[in-house]
Amino acid sequence: MEAQKVSEPFPDFSLTSDFITSDPIQRLFSYWLSRRGQRHVPLRTDIDPGDIRDLLPNIVMVDIEAPFRVRYRLVGTKVVDFNRLDFTGRYLDELRWDVDGRYTRAYRLLAEARQPTFGIDAWPLAGSMTGRSEVVMLPLSTDGERVDRCLSMEDFMFSEHEMSHHRPG
């Protein structure tokens, strides 16, 4: 997909996936639904990395601590490569990309609503162009009640060639 001009910031994350076009994100969401069954959210132990092996480079696993704080437990290799930073073990509030609180609000929504959240990200590239990614955040629980984990995926919407030449700062 070719980078696009963006004239306004992307909206907050949403509980609806109507705007998601990424097949890998749709596959992960379907997998999460199959693991959830009749419960509000699946347990972390319901997720088998072997079932989603081809998606793992784009996967991010997050801890949602109480009091509310978000820690990146595991960050996939493609996400690390794109960001030029392995932020495994780091807290969201320590990182540069949540200056407007958009990701904090998304994780709060996910934890409180106990439902998946969906979003689109953009960042500046050369000239007036922007890169784009679609994001899904899927709630998980270790006790069957409280959302204390999140299985996320980012699908970068441009070619590998563009990715190697146009990365954020």
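What counts and what doesn't
- Residues numbered from 1 in each chain as written.
- Predicted model: local features only at pLDDT ≥ 70, side-chain atom pairs only at ≥ 80, totals over all residues.
- Heavy atoms only, no water.
- Helix = DSSP H or I, 4+ residues; strand = E, 2+ residues; numbered from the N terminus.
- Expected span 1.5 Å × (residues − 1).
- Buried < 20%, exposed > 50% of the residue type's maximum accessible area, 1.4 Å probe, protein only.
- Arc of directions from axis to C-beta.
- Pairing = 2+ DSSP bridges.

Our focus in this paragraph is helix H1 (residues 23–36). Between its first and last C-alpha, H1 extends 20 Å over 14 residues, near the 20 Å set by a 1.5 Å rise per residue. Among the residues of H1, those classed as buried are Ile25, Leu28, Phe29, Tyr31 and Trp32. End-on view of H1: buried residues confined to an arc of 160°, all on one side of the axis. Structural note: H1 exposes Asp23 and Ser34 on the side pointing more than 90 degrees away from its buried face.

Turning our attention to the pairing of strand S1 (residues 59–65). With six of its seven residues buried, S1 lies for the most part within the structure. Two elements, S1 and strand S2 (residues 69–75), share six bridges in a ladder whose sense is antiparallel. Its bridge partner lying in S2, Val60 is registered against Val75. Remark: three residues form the turn of the hairpin made by S1 and S2, two consecutive strands paired antiparallel.

Purely spatial values, then, with no claim about function.
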